[in-house]
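Each chain is listed here by its residues.
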Amino acid sequence: MTGKYQLAGMSSLDMRLIWVGAALALVLLGLPLFGSALIVDKMTLLMVYIILSVSWNLLAGYSGLVSVGQQAFIGLSGYFVLRLVESGIHPFVALVAGAFMVLLVAWPLSLFVLRLKAAEFAVAMWVLAEMIRSIVMFDPLIQGETGRSLVSLNAMDADLRRTTIYLMAVVSVIVVLVVSYTLLRGRLGGESQAIRDDEEAAGSVGVSTMRVKRMIFLISAVGCALAGTLWLASAITYQPRTAFGINWSVFMLFMVLVGGLGSFLGPVIGAVLLFALQEVFGDFGAWYLAGIGIVAMLFALYAPRGIIGYIAYKWGIEPLSLSNVVTARPS
């Protein structure tokens, strides 16, 4: 920034949190050395949840694009993985390639859906997800609702497969967090938040609203797709009804709204909370889903800005805030 002002740097608290995060990442990377197979599997699921929540927060929290159809990219990426493996690609290569192949669909979709407003966008994404699910089911490879298994991946040594998938999930979380923080602390973050607050005003001051929304939409799509391929690798079996299930959007909404919409740490905290609730109440069937709904209602009533919002209100500070703060340049 030129002139007498500049963007403020990170606070000492933020720097400490980053170092804590780096230490935690090292512990997670070393988990297969001392953790049981059950713990590794459960932590893989947690990594998938974190990727999903961060990706959905990019879209809704920073661009104001509330989608209930991101499961389209979760299911589509799994389908691409199956197709790539069927063509002879190594399963682990296919997991990464399949995530990025969703751009072949997300890009043309963005030309249409990003012109819609609020509720129209949300409904359109859900309809498109259901449409894509129906198309995928017509492929003989998928066999309708029967689905298909990743046979070549299942044939690998169980420990090697489990450890590799887990490490891929941890690395993916690290990459997603670093990329989102770096992008949103820069110009893209400022422009996307301006669009979220007032799109017309943002456009009037020179922000290319369609370019910014498309970039965020595509990044979010790849993030959801990556989570989808990792989930498929862990589950082995691909079933369209599960892969394209609306429950993915419900989970993303819960994690982000409870953790703190439009914050950096909120989605991570929300993912951990959802994971914990599943571990404690997952065996109660429908009561577990009711419990999630009750928790969401309590937060809506007493902490509408989520956990991070409550912390900011109570102590006047938001950890790892992505809001650009301007300070006077030292003379």
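Bear in mind the structure is a predicted one, so any value in this text is a computation, not a measurement.

A. Here's a closer look at the environment of Ile-135. By the element assignment, Ile-135 lies in helix α7 (residues 118-137). Classification of Ile-135 by relative accessible area gives exposed; the value is 55%. With 101 residues separating them along the chain, Ile-135 and Ile-236 place their C-alpha atoms 21 Å apart.

B. How the structure looks around empty space enclosed by the protein. Overall, the coordinates contain one cavity of 30 Å³ or more when judged by the stated rule. Here the largest cavity is characterised by a volume of approximately 50 Å³. Lining of the largest cavity is provided by eleven residues; of these, Val-54, Asn-57, Ser-180, Ser-263 and Phe-264 occupy positions nearest its centre. Put simply, the parts of the chain that give the lining of the largest cavity at least two residues each are α3 (37-63) and α9 (158-184). With four residues, α3 is the largest single contributor of residues to the lining of the largest cavity.

C. Structural view of the packing of aromatic side chains. Overall, the coordinates contain six aromatic pairs when judged by the stated rule. Relative to Phe-251, the ring of Tyr-49 lies with its centre 5.9 Å away and its plane at 65°, an arrangement referred to as edge-to-face. On the criterion of sequence distance, the pair formed by Tyr-49 in helix α3 and Phe-251 in helix α14 (residues 247-259) is long-range, its members being 202 residues apart. Assigned by exposure class, Tyr-49 and Phe-251 land together as buried. For the pair Tyr-181 and Phe-264, a centre-to-centre distance of 5.0 Å together with 70° between the ring planes defines the contact as edge-to-face. One end of the pair, Tyr-181, is in helix α9; the other, Phe-264, is in the loop between α14 and α15 (266-281), with 83 residues separating them in the sequence. With respect to class, Tyr-181 is no different from Phe-264; both count as buried. Taken together, the aromatic side chains of Phe-73, Phe-121 and Phe-217 make up a single cluster linked through ring pairs.

D. Examining the environment of Leu-116 more closely. The residue Leu-116 is located in the loop between α6 (103-113) and α7 in this model. Measuring from C-alpha to C-alpha, the distance between Leu-116 and Ser-192 comes to 16 Å, with 76 residues separating the pair along the chain. Excluding anything up to four places from it in sequence, Leu-116 contacts Phe-121 and Ala-124.

E. Region of the structure containing the layout of surface pockets. What the largest pocket holds in volume is close to 770 Å³. If you trace the largest pocket, you find 25 residues lining it, with Gly-21, Ala-22, Leu-177, Phe-264 and Leu-265 closest to the centre. With eight residues, helix α1 (residues 12-29) is the single largest residue contributor to the lining of the largest pocket. Tallied by class, residues from the lining of the largest pocket come to 23 nonpolar, two polar and no charged. The computed volume of the second largest pocket comes to approximately 370 Å³. Phe-100, Val-175, Val-176, Val-222 and Leu-226 are, among the 18 residues lining the second largest pocket, the residues nearest its centre.

Thresholds, definitions, all that
Residues numbered from 1 in each chain as written. Predicted model: local features only at pLDDT ≥ 70, side-chain atom pairs only at ≥ 80, totals over all residues. Heavy atoms only, no water. Helix = DSSP H or I, 4+ residues; strand = E, 2+ residues; numbered from the N terminus. Buried < 20%, exposed > 50% of the residue type's maximum accessible area, 1.4 Å probe, protein only. 1 Å grid on protein atoms, 1.4 Å probe; cavity = no way out; pocket = protein on both sides within 12 Å on 5 of 7 lines; lining within 4 Å. Points joined across faces, edges and corners; volume = space filled by probe spheres on them. Phe/Tyr/Trp six-rings, centres within 6.5 Å; stacked < 30°, edge-to-face > 60°. Contact = heavy atoms within 4.5 Å. Nonpolar A, V, L, I, M, F, W, Y, C, P; charged D, E, K, R; others polar.

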